[in-house]
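Here is how the chains run, residue by residue.
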Amino acid sequence: MDEYDRSQLIDEPLVIFICSTTGQGSEPTTMTRFWHFLLRKSHPRDILSHMHVAVFGLGDSSYPKFNFPAKKLHKRLVAGLGAQAVLERGDGDDQHYLGVDGALDPWMEELWAKLSILWPLPAGKDIISADIVPTPTYDLIFDNGSIDADGDLMDGLSFEALDLQKTAPSVKTIARAVATVQCNQRLTAPDHSQDVRHFELAVDGSQPYIAGDVMVIYPQNLPDDIALVLAHFGWAEIADLPFMLRPTAAGISAPASLPAHVTLRYLFTHYLDIFGRPRRYFFHLLSFFTTDPLHASKLRELSSPQGQSELYSYSHRPRRTMFEILQDFHSAKVPLKYLLDLIPAIRPRNFSIASSPVAHPGQIHLCIAIVEYTTKMKAPRTGVCTKWMKHLRPGDTVAYAIKRGTLKLPVVGDHRPVIMCGPGTGVAPMRAFLHDRAATRCGSDTLFVGARFRDKDYLYADEWAGLENQGRLKLFTAFSRDQDDKIYVQHRILENSAHIYATLVEQNGVFLLSGNASRMPVDVTDALAECVVKEGHVSREAAETTVKLWEKEGRFQMECWS
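Residues numbered from 1 in each chain as written. Predicted model: local features only at pLDDT ≥ 70, side-chain atom pairs only at ≥ 80, totals over all residues. Heavy atoms only, no water.

Student: Quick question: what am I supposed to make of the overall build of the protein chain here?
Tutor: Tallying secondary structure elements over the protein chain gives 18 helices and 19 strands in all. Taken over C-alpha atoms, the radius of gyration comes to 26 Å for the protein chain, in line with the 24 Å a tight globule of 562 residues would show. In terms of overall dimensions, the protein chain has C-alpha extents of about 80 × 60 × 45 Å along its principal axes. By residue count, 49% of the 562 residues in the protein chain fall in the buried class. Here the contacts in the protein chain between residues at least 6 apart in sequence split such that 76% fall between residues at least 24 apart. Accessible surface for the protein chain amounts to roughly 27400 Å². Of this, 52% is attributable to carbon and sulfur atoms. (Helix = DSSP H or I, 4+ residues; strand = E, 2+ residues; numbered from the N terminus. Rg over C-alpha atoms; globule rule 2.2 N^0.38 Å. Buried < 20%, exposed > 50% of the residue type's maximum accessible area, 1.4 Å probe, protein only. Contact = heavy atoms within 4.5 Å. Areas by Shrake-Rupley, 256 points an atom, 1.4 Å probe, with all protein chains shown as cover.)

Student: Whenever I open this one, the packing of aromatic side chains confuses me. Can you help?
Tutor: The relative placement of two aromatic rings is captured by the distance of their centres and the angle of their planes. Summed over the entire model, instances satisfying the criterion amount to 16 aromatic pairs. Ring centres of Phe 56 and Trp 107 lie 5.1 Å apart, and the angle between their planes is 50°; this geometry places the pair in the tilted category. Of this pair, Phe 56 sits in strand 2 (residues 52-59) while Trp 107 sits in helix 3 (residues 101-118), and the two are 51 residues apart along the sequence. A relative accessible area of 1% places Phe 56 in the buried class. For the pair Phe 282 and Phe 283, a centre-to-centre distance of 5.6 Å together with 90° between the ring planes defines the contact as edge-to-face. For the pair formed by Phe 282 and Phe 283, the shared burial category is buried. Members of the aromatic cluster, joined through ring pairs, are Tyr 4, Phe 17 and Phe 34. Here the guanidinium or amino end of Arg 431 rests over the ring plane of Tyr 460, the centre of that ring lying 4.6 Å away. (Phe/Tyr/Trp six-rings, centres within 6.5 Å; stacked < 30°, edge-to-face > 60°. Lys NZ or Arg CZ within 6 Å of the ring centre and 35° of its normal.)

Student: Before we go on, may I ask you to explain the pattern of salt bridges in this structure?
Tutor: Between side chains of opposite charge, pairing is possible as soon as their charged atoms come close. Counted by the stated rule, this structure contains 24 salt bridges. Among the ionic pairs, Asp 240 bridges to Arg 265, the shortest N-O distance being 2.8 Å. Taken together, the positions of Asp 240 in the loop between helix 5 (223-233) and strand 9 (243-247) and Arg 265 in helix 6 (residues 264-271) put the pair 25 residues apart, joining distant regions of the chain. Each member of the salt-bridge network shares a partner with another, and the members are Asp 526, Glu 530, Arg 540 and Glu 544. (Salt bridge = Lys/Arg side-chain N within 4 Å of Asp/Glu carboxyl O.)

Student: I tried to follow the nonpolar core on my own but got confused; where do I start?
Tutor: Most often, soluble globular proteins keep nonpolar side chains buried together rather than apart. Core analysis: the biggest nonpolar cluster contains 46 residues, and Trp 235, Phe 268, Leu 339 and Leu 340 have the highest contact counts within it. Among the elements that make up this core, the one with the highest residue count is helix 6 (five residues). (Core = buried A, V, L, I, M, F, W, Y, C linked by side-chain atoms within 4.5 Å.)

Student: Where do I start with the pairing of strand 1 (residues 14-19) in this structure?
Tutor: As a general feature of sheets, a regular strand has side chains that alternate between the two faces. Burial of strand 1 is one-sided: the residues Val 15, Phe 17 and Cys 19 facing one way are buried, the residues Leu 14, Ile 16 and Ile 18 facing the other way are not. Pairing between strand 1 and strand 2: six bridges, direction parallel. Bridge assignment links Leu 14 to a residue of strand 2, and that residue is His 52. (Pairing = 2+ DSSP bridges.)

Student: Whenever I open this one, the confidence of the model for the protein chain confuses me. Can you help?
Tutor: Reading fine detail from the predicted coordinates is not recommended where pLDDT is low. Per-residue pLDDT for the protein chain averages 90, and the proportion of residues at 70 or more is 94%. Confidence, read as mean pLDDT per element, is least for helix 4 (residues 159-162) in the protein chain (42) and greatest for strand 7 (residues 196-202) (98). pLDDT under 50 marks residues 153-175. Its contacts with residues more than four places away, or in other chains, come to 47 contacts. (pLDDT = per-residue confidence, 0-100.)

Student: What is the right way to look at the packing of helix 17 (residues 520-536) against helix 18 (residues 540-553) in this model?
Tutor: To characterise two packed helices, one gives the angle between the axes of the helices and the distance between these axes. One can describe the packing of helix 17 onto helix 18 by two numbers: an axis separation of 8 Å at closest approach and a directional angle of 120°. The orientation of helix 17 with respect to helix 18, classified from their angle, is oblique. The interaxial crossing formed by helix 17 with helix 18 has right-handed handedness. For the pair helix 17 and helix 18, the contacting residues are Thr 525, Asp 526, Leu 528, Ala 529, Glu 530, Val 532 and Val 533 in the first and Arg 540, Ala 543, Glu 544, Thr 546, Val 547 and Trp 550 in the second. A per-class count over the contact of helix 17 with helix 18 returns seven nonpolar, two polar and four charged. (Axes fitted to C-alpha atoms, helices over the stretch in contact; angles between N-to-C directions. Parallel < 35°, antiparallel > 145°, perpendicular 65-115°, else oblique. Left-handed = near helix turned anticlockwise from the far one by under 90°. Nonpolar A, V, L, I, M, F, W, Y, C, P; charged D, E, K, R; others polar.)

Student: How should I be thinking about unusual backbone geometry in this particular structure?
Tutor: One can expect most non-glycine residues to show negative phi and most peptide bonds to be in trans. For Tyr 460, which is not glycine, the phi dihedral falls at a positive 60°. If you trace the backbone, Tyr 460 turns up in the loop between strand 16 (445-451) and helix 14 (461-469). Even without glycine at this site, His 537 takes up a positive phi of about 55°. Structurally, His 537 can be placed in the loop between helix 17 and helix 18.

Student: Looking at this model, I keep getting lost on the side chain of Ser 352. Mind explaining?
Tutor: Positionally, Ser 352 belongs in strand 10 (residues 349-352). Classification of Ser 352 by relative accessible area gives buried; the value is 12%. Polar contacts involving the side chain of Ser 352 include one to the side chain of Glu 559, which spans 2.7 Å. Residues contacting Ser 352, with those up to four places away along its chain left out, are Asp 213, Leu 366, Ala 428, Pro 429, Glu 559 and Trp 561. (Polar contact = N/O pair within 3.5 Å; in protein donor to acceptor, adjacent residues only side chain to side chain.)

Student: How do you make sense of a nonpolar patch on the surface when you look at a structure like this?
Tutor: The grouping of Ile 16, Ile 18 and Leu 58 at the surface amounts to a nonpolar patch, some 230 Å² of accessible area in total. Its place among the elements puts Ile 16 in strand 1. Residue classification places Ile 16 among the partly exposed positions, given a relative accessible area of 37%. (Patch = residues over 30% accessible without salt bridge, like charges linked within 9 Å, V, L, I, M, F, W, Y side chains within 5 Å.)

Student: Would you take a moment to explain the environment of Ile 210 for this structure?
Tutor: In this fold, Ile 210 is placed in the loop between strand 7 and strand 8 (214-217). According to the relative accessible area criterion, Ile 210 is partly exposed, its value standing at 46%. Expressed as a C-alpha distance, the spacing of Ile 210 and Pro 106, which sit 104 residues apart in the sequence, is 44 Å.

Student: Can you walk me through the sheet that holds strand 14 (residues 397-403) in this structure?
Tutor: The strands that make up a sheet are held in pairs by hydrogen bonds between backbone atoms, and each pair lies either parallel or antiparallel. Strand order in the open sheet formed by six strands is 10-8-14-6-7-11, and the pairing between neighbours is antiparallel. Each end of this open sheet is capped by a strand with a single partner; those strands are strand 10 and strand 11 (363-369). Looking at each pair of strands side by side, their axes are set apart by 40° on average, direction ignored.

Student: Could you clarify how one ought to interpret the sheet that holds strand 18 (residues 510-516) in this entry?
Tutor: Read across the open sheet, the five strands follow the order 17-16-15-18-19; overall the sheet is parallel. Only two strands of the sheet have a single partner each, and these edge strands are strand 17 (473-479) and strand 19 (556-561). Shown here is a sheet whose adjacent strand axes are inclined to one another by a mean of 10°, direction ignored. Looking at chain direction, strand 16 and strand 17 are connected through seven bridges and run parallel. Within strand 17, the residue paired with Gly 450 across the bridge is Ala 478. Of the strands in this sheet, strand 15 (418-421), strand 18 and strand 19 are in contact with helix 17, which crosses strand 18 at around 155°.

What follows is the structure, given as structure tokens:
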């Protein structure tokens, strides 16, 4: 939204907003300036009364502030600036068994119906049929014009005769900075089901960070996997031939993260999410490229509103990747010019930094759980990013950027006590904070840390013991599987309610929480309220009001993920 020319907003008759969510319910950074512009108090309350708007939010209902940016945007546009809502706000939910499509499909159907009434088609014009193949966004122009956009050699040429330079663009063109791997060490026991790793990356300081920040990693697909993809399509011989992307319509530009000249191998390695899970449009577009009528019919069924149950059973439930689907529908011959329309870009992944630049100058540390699991259909699955990171060796490079995290320590010189709670890999930002505060001799700290087993997945145990022995840390541990009754961090919080109350109420301290977003944040919040009830001798309602006040004051902060 920030790229939009805000001066034109007053003249728009219709605007459709698609609004994602970041952090714990914040607007995305690409919307910040636009949102602040809408919030200006100088705007008349009816300044957008001429405009029709529709808002659809992209969120995850496992987070407490589900789709907050979309909700606030819709309220500001309609109630604050007088815009006319075409229909009710839509709330996409990643937790729906069909993902955001579960809410998007009916919302879009209603949207088009309302728009057709507000703006009927001119006489003689019809809606473009879904049976017509869409125009590709880009044409592929090979450097010597010897290959057409379907990936075929022009008549009379051989691959040997092309004599083109076979070099891939540098990874440094993708992101603003590049880190070098120094350490990739497994932290969990070899016989433990979860592989959690500690990474140490050398950085040059071009992307400065502070404790609590987030490292945005731009992952890659592995070379052996890409070789399988190229072999499947029959593109191995042309994989390293450079070409340019030429937009097919005005107002379209090539992806900013791509160099001017790329190769197929480069695209599949650095850009195309071929091993990710597909959206519905993937099946619709692929249906145009099959030579088997049965394949085409099945793909059209999977992309239709009526075929959503079948889509869930075939694609979503077993978490099939796009490459696996292309292998199943092997009759599909995908033209090169449709690659970027068919396969979306690899999304960067965010990881809480586990180091402090004060304690570890020139380095960034990460604590990452490798995503490896088996589906209900007994099919093995891996995460695109963590699969690649698991194989990183010292000397390998990682493209990255830094963005601000949601957790903040008291400012330097503020010696208020801090309680930190980080079960599992949620301990990563807590490690950064503890090292930072130890290096600056700032305040007293408490850490609640959780794991399944003390001897299998208790992360950074020696470091916590060292800080505790130095008198720098009060430590509470919860190991859920080391006894018959499961013990979690919320139980340890309740057991130490007097310490919690004294720190947060009597000493005006800060509570930081990080980890999985499923049940843990709700359970910890509930435990904090119970501590206030027990030690403050107040009602549950009054205790919940107190905890909400801590959140408003920034003294109870959360950074959780699903």
